[in-house]
Amino acid sequence: TRKRDEGSVSILAMDPEKDRKRLFARVGVQFQQTSYQEKIRVDEACEVTASLYPHAREWKTLLEQFGLADKRKSYVRELSGGERQRLSVALALIPEPEIIFLDELTTGLDPKSRREIWKRLKDLKDDGVTIILTSHYMDEVEHLCDRIAIMKDGSMAAQGSPRELMEAHGAKNLEDVFLMYMERDENDPEETEL
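Residues numbered from 1 in each chain as written. Predicted model: local features only at pLDDT ≥ 70, side-chain atom pairs only at ≥ 80, totals over all residues. Heavy atoms only, no water.

## Some thoughts on the overall build of the protein chain
As a reminder of what qualifies: A run of H or I in DSSP counts as a helix once it spans at least four residues, and a run of E counts as a strand once it spans at least two, with each numbered from the N terminus. Residue contacts follow a heavy-atom distance rule, with two residues in contact if any of their heavy atoms lie within 4.5 Å. The Shrake-Rupley method, run with a 1.4 Å probe, gives the accessible areas here. Residue values count only the displayed protein chains as cover.
In terms of regular secondary structure, the protein chain is built from eight helices and five strands. For the protein chain, the α and β elements follow one another from N to C terminus as α-β-α-α-α-β-α-β-α-β-β-α-α. With respect to the three principal axes, the spread of C-alpha positions in the protein chain is 55 × 40 × 30 Å. Sequence-distant contacts in the protein chain: of pairs separated by 6 or more residues, those separated by 24 or more amount to 57%. Carbon and sulfur atoms form 46% of the exposed surface of the protein chain, whose accessible area is close to 12,200 Å².

## Digging into the packing of helix α4 (residues 81–93) against helix α5 (residues 111–126)
This is how the line gets drawn: All axes are obtained by fitting lines to C-alpha atoms, using only the stretch in contact for helices, and the reported angles, taken between N-to-C directions, cover 0 to 180 degrees. Geometric relationships in this document are graded by angle, where less than 35 degrees denotes roughly parallel, more than 145 denotes roughly antiparallel, 65 to 115 denotes roughly perpendicular, and other angles denote oblique. Crossings are sorted by hand: turned counterclockwise from the far helix by less than a right angle, the near helix makes the crossing left-handed, and turned clockwise it makes it right-handed. Under the convention adopted here, Pro, Cys and the residues Ala, Val, Leu, Ile, Met, Phe, Trp and Tyr are nonpolar, Asp, Glu, Lys and Arg are charged, and Gly plus all remaining residues are polar.
Here α4 crosses α5 at 15 degrees, and the two axes come no closer than 10 Å. Comparing the axis directions of α4 and α5 gives the class roughly parallel. In this structure, α4 meets α5 at a crossing whose hand is right-handed. Every residue of α5 that contacts α4 at Gly82, Gln85, Arg86 and Leu93 is listed here: Ser113, Glu116, Ile117 and Leu124. For the contact of α4 with α5, the per-class residue count stands at three nonpolar, three polar and two charged.

## Here's the deal with the sheet that holds strand β3 (residues 130–134)
Note the following rule: Here the rule is simple: two strands pair whenever DSSP picks up at least two bridges between them.
One open sheet accounts for three strands, arranged β1-β2-β3; its pairing is parallel. At either end of the open sheet lies a strand with only one pairing partner, and these are β1 (27–30) and β3. For this sheet, the mean inter-axis angle between neighbouring strands, taken without regard to orientation, is 15 degrees. Of the strand pairs in this sheet, β1 and strand β2 (residues 99–103) are connected by four bridges, and their pairing is parallel. What sits directly across from glutamine 30, in β2, is leucine 102.

## Side note on the nonpolar core
Put simply, the test is: Note on terminology: a nonpolar core comprises buried Ala, Val, Leu, Ile, Met, Phe, Trp, Tyr and Cys residues joined through side-chain atoms within 4.5 Å. For each residue, the accessible area found with a 1.4 Å probe, counting protein chains only, is set against the maximum for its type, and the residue is called buried under 20%, exposed over 50%, and partly exposed in between.
If you look at the biggest cluster of nonpolar residues, it comprises 45 residues, and the most contacted ones within it are Cys46, Leu87, Ile94, Ile150, Leu174 and Val177. Considering every element that reaches this core, the biggest residue donor is α4, with six residues. Setting aside its immediate chain neighbours within four residues, valine 177 contacts Ile150, Leu165, Met166, His169 and Ala171. Core analysis: the next-biggest nonpolar cluster, separate from the first, contains five residues, Ile11, Met14, Leu23 and Val27 among them.

## So, helix α7 (residues 162–169)
Selection rule: In this context, the arc is that of the directions from the helix axis out to the C-beta atoms.
Three or more residues of α7 are buried, namely Pro162, Leu165, Met166 and His169. Projected down its long axis, α7 carries its buried residues within an arc of 95 degrees, all on one side. Exposed and facing more than 90 degrees away from the buried side of α7 are Arg163 and Glu167. In this structure, the buried side of α7 is in contact with α6 (138–144), β4 (148–152), β5 (155–160) and α8 (174–183). Backbone geometry just after α7 places glycine 170 at a positive phi near 60 degrees.

## Digging into the packing of aromatic side chains
Each aromatic ring pair is characterised by the separation of its centres together with the angle its planes make. The test is simple: Pairing of aromatic rings covers Phe, Tyr and Trp, the last counted by its six-membered ring, and requires centre-to-centre distances within 6.5 Å; plane angles under 30 degrees mean stacked, over 60 mean edge-to-face, and any other angle means tilted. Should the NZ of a Lys or the CZ of an Arg lie within 6 Å of a ring centre and within 35 degrees of the ring normal, that charge is described as sitting over the ring.
If you walk through the whole model with that rule in mind, you get one aromatic pair. Between phenylalanine 24 and tyrosine 53 the ring centres are 4.8 Å apart and the planes differ by 15 degrees, which places this aromatic pair in the stacked class. One end of the pair, phenylalanine 24, is in helix α1 (residues 20–24); the other, tyrosine 53, is in the loop between α2 (42–50) and α3 (59–65), and 29 residues separate them in sequence. Since its relative accessible area comes to 40%, phenylalanine 24 is described here as partly exposed. What makes tyrosine 53 buried here is its relative accessible area of 14%. Note that lysine 60 overlies the ring of tryptophan 59, its terminal NZ or CZ placed 5.6 Å from the centroid. Its guanidinium or amino end placed over the ring of tyrosine 75, arginine 77 lies 4.8 Å from that ring's centre, counting from NZ or CZ.

As structure tokens, this is what we get:
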């Protein structure tokens, strides 16, 4: 969605600028905030999205999997926050992507909705979908992610599995590791590279 500032980027062995059309159907994206037309129904949003892809997944099945089958004729604006987030993920899955980017997926959701989405993500992972998740909720990252990168000021401060990072820093949870990096002075001579 954005051009790189510098360097190179490769997704599925393709350049996202040069191979944009070929990547379009292989990558799903759920933005932190998604705007929908004022008077669009759930089924209409699904139909419009499916029309963009030559081999779209059956969206009615996705709505069932995400607990939204009974909301098909509802206006998107009438959905709860959790339902809207589940719809955003379902729409991102319509092209049957190999990789899906999820940006702050559970921000503002109640614990029950968060756990429902976590279950769906585990199912996607089990189905072989690569998930790139951006989150400030370290319990979520610890629970869902195999590998993580902690970003600070636009640069990667640390990377590894949650367990590797916790062991390397003598921390009991990933939130403690995250806070170590966020509180660390940029001029700290003891900065650890992983």
